[in-house]
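# Reading the structure
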Amino acid sequence: MTTSATDPGTAEVETGTFPYQRQCPFTPPKEYAEMVEKDVSQVTLTGSGLRIWTITGYETIRQLLTDPRVSASRKHANFPFYFVAPPEYRTETSFIGYDGQAHSDTRRKAALTFTARQVRRLRPRIEEIVDHHLDRLLAMSPTPYVDFHHAFSLPVPMTVICELLGIPQDRQEFFIKHGTALLGGHSSTKERQAAIVEVNAYVNELIQLKKAEPGDDLLSRAMADYEASGEEYTDRDLFNMVRLLMNGGHETTASQLSLGTACLLENPDQLALLLADPSLVKPAVEELVRFATIGDTAVPRVALEDIEIGGQTIREGDGILCLGLAANRDPEVFPEPEKLDITRGSRKHLGFGHGVHHCIGADLARLEMEIVWSRLFQRVPTLRLAKPFLDIPRKEGAVIYGLWELPVTW
């Protein structure tokens, strides 16, 4: 199997794209079968000639993501970038690319905003944001259709994360545009680099503003925590944190909202269950995250020493990619994995990752999805797809899988 390195999640293979195109957006492509059977396989990235390992087994991925012999640092020579960014464009100084104590210390400051208690406090405001955007949605003409993804799924989480970080709401479109350029899978290397430069320039301006006029937001609190602790930090530390939380706080949730809504519309029996029993919304969130895995290629790693796993030897310095979509369809963990069952409610899925790098905003994302799917179908009970689902363009090969649009009517 041969692949070509272009962008995290957009590597070309001889028979299509890697990850392979999902003929059905909610199921692993047929080409995964051989890799799933092997559990641990190798592929070659032709753009760089880099040989990496793919991991598909649920238990093997969990084992690997808690193994101290595996690194998340982007500084390693064989780190499996698909978009090979020059050093000035990388985010290795944010905690997503740290290991050990450095990761714990840096993540802890951002995590203060994402504690379960803090997230619960956000519920009233998120409910207001969701209702506001539902009002806007219903004010639109449903003929011939409304693009639910751009009218609702993108602005809701963007509004939430902008408020958390103290970013003015009039900058939402700026970040949506550049988030799409960075993670959408269709942009050229030049376009991605230009987007990073523009985002960095704006975030640097924001940092200077917060230094002069701190507010009640995550960025201001992070700077105050650094000052109080006496720890050294740079502006790059701060803007990498902001970039990470912006990308992770809106693109992922937006994709999950659109795909999850489509899942429910395509499975009317499950939607009927949810409408009949609103208390099912929490298990429904977990099942939709499992069923429509969006971060299939979002967990790259590098081996720090030789590792025997899955009957193979991963050598020191080898790049690794954990394929969450395949793991979330493991029948030994999820009976009848190809079936959407909102009563399943298992949190065993790997939709938010696993181990110390487990998604820092998982509880916030859960809350946003819970509120959306509690309100959406109550307020728009006749919501339906305006096009056959398989005709809707999908973000094949993107870092974060999803839909380019979601045409709906009512």
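Residues numbered from 1 in each chain as written. Predicted model: local features only at pLDDT ≥ 70, side-chain atom pairs only at ≥ 80, totals over all residues. Heavy atoms only, no water.

### So, the pattern of salt bridges
Summed over the entire model, instances satisfying the criterion amount to 20 salt bridges. Linking Arg 379 and Asp 131 is a salt bridge whose minimum nitrogen-to-oxygen distance equals 3.8 Å. Placement of Arg 379 in helix α15 (residues 362-379) and of Asp 131 in helix α5 (residues 123-138) is noted, with a sequence separation of 248 residues between them. Among the residues examined, Arg 379 registers a relative accessible area of 33% and is labelled partly exposed. The class for Asp 131 is partly exposed, based on a relative accessible area of 23%. Through salt bridges with shared partners, a single network forms among Arg 123, Glu 127, Asp 131, Asp 135, Glu 370, Arg 375 and Arg 379. (Salt bridge = Lys/Arg side-chain N within 4 Å of Asp/Glu carboxyl O. Helix = DSSP H or I, 4+ residues; strand = E, 2+ residues; numbered from the N terminus. Buried < 20%, exposed > 50% of the residue type's maximum accessible area, 1.4 Å probe, protein only.)

### Re the confidence of the model for the protein chain
Per-residue pLDDT for the protein chain averages 83, and the proportion of residues at 70 or more is 84%. Note that residues 1-20 has pLDDT below 50 and, in this model, 81 contacts with residues that lie over four places away or in other chains. (pLDDT = per-residue confidence, 0-100. Contact = heavy atoms within 4.5 Å.)

### Let's talk about the sheet that holds strand β7 (residues 146-147)
With respect to topology, three strands assemble into an open sheet ordered β7-β13-β12, the strand pairing being antiparallel. Edge strands, defined here as strands with exactly one partner in the open sheet, are β7 and β12 (384-385). (Pairing = 2+ DSSP bridges.)

### Describing the packing of aromatic side chains
Under the criterion given, the structure shown has three aromatic pairs. Ring centres of Phe 174 and Tyr 202 lie 5.7 Å apart, and the angle between their planes is 55°; on these two criteria the pair is classed as tilted. Residue Phe 174 is located in helix α8 (residues 172-183), and its partner Tyr 202 is located in helix α9 (residues 189-212); the two are separated by 28 residues in the primary sequence. Neither residue differs from the other here; Phe 174 and Tyr 202 are each classed as buried. Over the face of the ring belonging to Phe 334 we find Arg 290, whose NZ or CZ atom lies 5.4 Å from the ring centre. Note that Lys 395 overlies the ring of Trp 404, its terminal NZ or CZ placed 5.0 Å from the centroid. (Phe/Tyr/Trp six-rings, centres within 6.5 Å; stacked < 30°, edge-to-face > 60°. Lys NZ or Arg CZ within 6 Å of the ring centre and 35° of its normal.)

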